[in-house]
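Commentary on secondary and tertiary structure
Given next are the chains, with one letter for each unit.
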Amino acid sequence: MKHIWLDCDPGHDDAMALILACHHPESRLIGVTTVAGNQSVEKTTRNARAVLAAIGCGQIPVFKGQSSAILKAMPFCAEIHGESGLDGRDGKPLFPLLADEEPDGFWLLNWKETLDKVWKETGEKVDLVAIGSLTNVALLLTLFPEVKSRIRITIMGGAMGIGNTGPVAEFNIENDPEAAHVVFESGVELAMVPLEVTHTALATPEILAAIGDSSPFRRKIQEMLLFFRDTYRDVFGFDDPPLHDPLAVLFVLHPDWFQSRKMRVDIERASELSRGQTVCDVHGRSSRLANCNVALSVDVDRFWKSMLDAVAKADGVIQEK
Ligand code: BDR
Ligand code: CA
């Protein structure tokens, strides 16, 4: 059993990552932090709470994190995720929104204390899975360096070659390269699932058919992926949308389903052309020590089997209620 903390900016693929983290038999999701990215942090927080409530996991704590990057304002991503961050094709939010709720105390301290508690109870490192920009994670490591020995970090982000928001930069890293630099320099055990891998996990018509429309929840998931398909067609010319974020959850649960290689990864922060690039020393040409285990490929069929099983489990839980 893996104890997972998800740092996210829901988002359509983040919502699928929440489903996998909540309903995979080897995963125990202990909490969620939200960050701005796909939409404002107010919206990503509302979406995280709405998705968790909709999949029968409304008791999982959600802490609202940073509203912007460490140094610069962050652009949001309505062109891919809509105005709410989690729109359906009718332009309305897919999941019923709950009233905003502010937990007591300072979110960063609450987060650190929850991680400490789990570490003390289980004696095992918590897997922190970061599927948005790395702003929250960089602050955690900077303010509470003692957590470094108590966590592992797996991120969805970066690219070895072609980017998606810049020619060579990927959205989550480009949104806050300074934060990414802090994380990649931190010395924490780190893994990265880049675009080269997530672009192989496509929600094809066969996958949509397997999800089916036999219940309101399954229809909602279909609608979510159809919205994502349309925006990916319009913006990137993809036939089918890539399901980035659940791959980072899967890497924690089944690292053996991936090929990966430890290498040096540095974050470009100065260049006008390539700010936010994850510079991956694939062939070890520099003398710099490896700092990241980079996923190179994934067994896509096994990924989809796990994802569809999690959707089925969520559907069953909802129907029992
Ligand atoms: C990443 O950007 C976001 O829009 C997605 O949720 C994913 O985390 C892909 O580049
Ligand atoms: Ca995301």
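Above this note sits the structure.
A few points on the structure. (Residues numbered from 1 in each chain as written. Chains lettered and ligands numbered in written order. Predicted model: local features only at pLDDT ≥ 70, side-chain atom pairs only at ≥ 80, totals over all residues. Heavy atoms only, no water.)

A word on the nonpolar core
Of all hydrophobic cores here, the largest spans 65 residues; its most connected members are I19, L29 and V32. Of the residues forming this core, the biggest block, 8 residues, is contributed by helix α1 (residues 12-23). Counting residues in each nonpolar core, the second largest holds 35 residues, with V118, A138, A180 and V183 among its members. (Core = buried A, V, L, I, M, F, W, Y, C linked by side-chain atoms within 4.5 Å. Buried < 20%, exposed > 50% of the residue type's maximum accessible area, 1.4 Å probe, protein only. Helix = DSSP H or I, 4+ residues; strand = E, 2+ residues; numbered from the N terminus.)

Describing unusual backbone geometry
Of note, the bond from P10 into G11 is cis; its omega dihedral lies within 30 degrees of zero at -20°. Looking at the secondary structure, you find G11 in the loop between β1 (2-8) and α1.

Some details on the packing of α1 against helix α2 (residues 41-54)
When two helices pack together, their arrangement is given by the angle between the helix axes and the distance between those axes. The geometry of α1 relative to α2 is characterised by a closest axis approach of 10 Å and an angle of 45° between their N-to-C directions. One element, α1, and the other, α2, form an angle in the oblique class. Crossing handedness for the pair α1 and α2: right-handed. Residues A15, L18 and C22 of α1 form the contact with α2, whose own contacting residues are A48, V51 and L52. Residues of the contact of α1 with α2, tallied by class, amount to 6 nonpolar, no polar and no charged. (Axes fitted to C-alpha atoms, helices over the stretch in contact; angles between N-to-C directions. Parallel < 35°, antiparallel > 145°, perpendicular 65-115°, else oblique. Left-handed = near helix turned anticlockwise from the far one by under 90°. Contact = heavy atoms within 4.5 Å. Nonpolar A, V, L, I, M, F, W, Y, C, P; charged D, E, K, R; others polar.)

Structural notes on α1
The periodicity of an α-helix, 3.6 residues per turn, causes residues three or four places apart in sequence to face the same way. For α1, spanning 12 residues, the distance from its first C-alpha to its last is 17 Å, which sits close to the expected 16 Å at 1.5 Å a residue. Buried within α1 we find H12, D13, D14, A15, M16, A17, L18, I19, L20, A21, C22 and H23. (Expected span 1.5 Å × (residues − 1).)

Examining the coordination of the calcium ion (ligand 2)
Within the protein, the calcium ion (ligand 2) binds to D9 (OD), D14 (OD), D14 (OD), I131 (O) and D245 (OD); these donor distances fall in the range 2.3 to 2.7 Å. Read N to C, the donor residues that coordinate the calcium ion (ligand 2) are spaced as D-x4-D-x116-I-x113-D. Taken as a pair, D9 in the loop between β1 and α1 and D245 in the loop between α10 (216-236) and α11 (246-253) lie far apart in primary sequence, 236 residues in all. Assessed through its relative accessible area of 2%, D245 is described here as buried. (Donors = N, O, S within 2.8 Å, 3.2 Å for Na, K, Ca; no water.)

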